[in-house]
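# Observations on the model geometry
Residues per chain are reported as follows:
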Amino acid sequence: MIDITIDTDGIATLTWDQPGRAQNVLNGETCAAFFAAIDRVCTDASVKGILVTSAKADFIAGGDLEWLQASDDAATLFERTCELHRMLRKLETCGKPVAAALPGSTLGGGLEIALACHYRVAADNARARFGLPEVTLGLLPGGGGTQRLPRLIGVQKALPMLLEGKRIKAVDALKLGIVDAVVNAGEEADAARAWLLGEGQTRAQQPWDTKGYKVPGGGISSPAVQQLFTAANAMLRQKTYGNYPAAASILSCVYEGLITDLDTGLKTEARYFVQAVLSPEARAMIRTLFFSLNAANKLAARPADVPVRRYAKVGVLGAGMMGAGIAYVTAKAGLPVVLLDTTQEAAERGKDYSRKLVEKQVQRGSLHAEQAEALLARIQPTTSYADLDGAGLVVEAVFEQREIKANVTRQAEAVLSPDAIFASNTSTLPITGLAEASQRPGNFIGLHFFSPVDKMPLVEVIVARQTTRATLAQALDYVKAIGMTPIVVNDSRGFYTSRVFSTYVLEGLAMLAEGVAPALIENAGLLAGMPVGPLALIDEVSSELIHKVNQQTRADLGVAYIERPGEAVAERMVALGRLGRKAGQGFYDYPESGKKTLWPGLATEYPKAATQPDVQTLVDRLITVQAVETARCLDEGVVTDPRDADVGALLGWGFPAFRGGPVSHIHRMGVGAFVELCDRLAAKHGRRFAPPALLRDMADKQTAFYER
Ligand code: NAD
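Summarised in this report is the structure supplied together with it. (Residues numbered from 1 in each chain as written. Predicted model: local features only at pLDDT ≥ 70, side-chain atom pairs only at ≥ 80, totals over all residues. Heavy atoms only, no water.)

This part is about unusual backbone geometry. The step from Ser-451 to Pro-452 runs through a cis peptide bond, and the omega angle for that step is -5°. With respect to the helices and strands, Pro-452 occurs in the loop between β14 (444-449) and β15 (458-463). The phi torsion at Phe-495 lies on the positive side, around 50°, for a residue other than glycine. Among the secondary structure elements, Phe-495 is positioned in the loop between β16 (485-490) and α19 (497-514). Residue class for Phe-495 comes out buried when judged on its relative accessible area of 0%. (Helix = DSSP H or I, 4+ residues; strand = E, 2+ residues; numbered from the N terminus. Buried < 20%, exposed > 50% of the residue type's maximum accessible area, 1.4 Å probe, protein only.)

Shown next, in the form of structure tokens:
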């Protein structure tokens, strides 16, 4: 686990090499082995210097989250954390020089170990990332990161690393002073050794243990840092609305920790760390953004007996906004793409989208010119269906009209081999209906991408009535090949993501119709943790689109259609020509220069009620309406895995990460309590809040979606 060698120069090398895992992680076993190694080399008089490194491609990926969550006893967690601190203190104060040789990514606890060394050498490895990403999972660095990093590089440079969890490249880590040198890959251990035998012999001390040490850029009481904290506090509040306690704890750790000495600071950090580990926010974020996301990326839903398919060529029909994006991500993953539209100009325009994206990256230096050329060369714009010959998969992204989609399906299938998969990127039309145009409905599936495709990592995979298991499996192979995250849902109106997302915006509209002040609605959305208020969001999507979808659904369902409160508001906005941002006016005015402001005319259209509700009741409504619709999707079998529901919500429409997703939200409340809240809201606001049978049943049996 930790291999120890001592060479003739007296350099002890501690090599992390955890058996049976691709990455080294900190857990009970590895920590015990590392601590024993520290004890040994610190006390062995023949050791003149200590080198810490890894036998894997990366250094250490961070803490083992399963291990971290295994205990919910605060005292045990606190003691464990303090033990890590004691041992890292022992290492950095043992009087011998300590260097870290970092072959690859050095993240979280891995970086914290490296920071406890006196000297850090990183390999020039393009894949390697450095950072303290704990905050992105509702945690904070618990291995001294909040104390050593600001003491090393100053508060101003450390705060963004800690608060945003940024993962940076080796060159940037060098610029910030997080590593001391970057050398050719494979030479990092030699470079670290050379330092240990040379300069290290007179520098076996951390700056903060040196007499006269001052925090670079000023200590806590300096005016500049005081100002920094005032701004950081305000900015954090503005960004998170107090929903992410770990971020606030990080600020406290740095502030309180830097007022005192390192040892006291470490104790402060340990207390905040334990609090974060046990917080419901971290539990929810780790569940969804780590465990469930990993399961989705590993294709947990893929039928295992179907052979994996590798695609030699992919067709994309329609080179508009979505088709152009799909072509880009496919070509980026190394797959040749045939991009087809009705005219050559339209197809070329679709390819130009990729050109613009790669040109930007070349300018920024994140892509070589040759790589950009190769990517573009993989996209073949065309109007000829014959070019689809040999494609194993075709993704259709033409206009949202059934006849046009049926038409292109038939034309493509005339050329495609019988085992090729045909996928539709429709956002609203049920896949089973679209498959009626197909000669081989078993090969027909939905692949619902999100806009903008190159920034949104989710694909909602929609299984229609006749879709075969092989088609599902191999469509998932494509999603994985392009590096995106799939969730698998069964066909139904609005599928899963659009269906639940629409409840959020419609609830905002319902509130407006009730006479709730527009600003209050918007703030409730933000306080709930949604990225944008419901009215601003409708303006982005456009009231027209929402109205069209409602009309289409009404036409399709006939007498079975139940109008939802809020729909009439969208219709009214369309009648007023206030379609949304693209039209320059919607619920907001969009002046040519300056910020958007709520449209004053709303006051006449929807007069404010004399009494306004408490904002928390609005927050409850906006979140509950999404959670109960999600439960309905589970009840109806539209979604079968709660993990997919949670992952899809966070990645697909920005459901608040700290809640872990709509299912995690119910789980945190407890199904019984959630059902009670739904009943109360249903009595007051209507049956859209009524809990489905699944929830009542779970409440009766006191079962849960996830393990407690
Ligand atoms: P768009 O209007 O930007 O692009 C459609 C493209 O299809 C146009 O370039 C058009 O010339 C082309 N086209 C039309 N008829 C064609 C035909 N017969 N043969 C070949 N090409 C044809 O539309 P979009 O926003 O890219 O949407 C495309 C599809 O993706 C729609 O089904 C839409 O519902 C779905 N979708 C859109 C979004 C979104 O946010 N825009 C998100 C998910 C899914």
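As a matter of local geometry, the ligand sits amid 21 residues, with Met-322, Asp-341, Glu-400, Lys-405 and Ser-427 nearest to it. At 3.0 Å, a backbone N or O of Met-321 approaches an oxygen atom of the ligand. For the ligand, the accessible surface in isolation is 820 Å², of which the surrounding protein chains cover 77%. For the shell around the ligand, the secondary-structure elements that each account for two or more residues are α13 (321-332), α16 (402-415) and β14. No other element matches α16, which puts three residues into the shell around the ligand. For the shell around the ligand, the per-class residue count stands at ten nonpolar, eight polar and three charged. (Near = heavy atom within 4 Å. Polar contact = N/O pair within 3.5 Å; in protein donor to acceptor, adjacent residues only side chain to side chain. Areas by Shrake-Rupley, 256 points an atom, 1.4 Å probe, with all protein chains shown as cover. Nonpolar A, V, L, I, M, F, W, Y, C, P; charged D, E, K, R; others polar.)

This part takes up the packing of aromatic side chains. Tallied over the entire structure, the rule returns nine aromatic pairs. With a centroid separation of 4.5 Å and 0° between ring planes, the pair formed by Tyr-119 and Trp-195 is classed as stacked. On the criterion of sequence distance, the pair formed by Tyr-119 in strand β6 (residues 119-124) and Trp-195 in helix α8 (residues 188-197) is long-range, its members being 76 residues apart. Measuring from ring centre to ring centre gives 6.2 Å for Tyr-311 and Tyr-478, while their planes differ by 85°; the resulting arrangement is edge-to-face. Residue Tyr-311 is located in the loop between α12 (280-297) and β9 (314-317), and its partner Tyr-478 is located in helix α18 (residues 469-481); the two are separated by 167 residues in the primary sequence. (Phe/Tyr/Trp six-rings, centres within 6.5 Å; stacked < 30°, edge-to-face > 60°.)

Just geometry here; none of it tells us what the structure is for.
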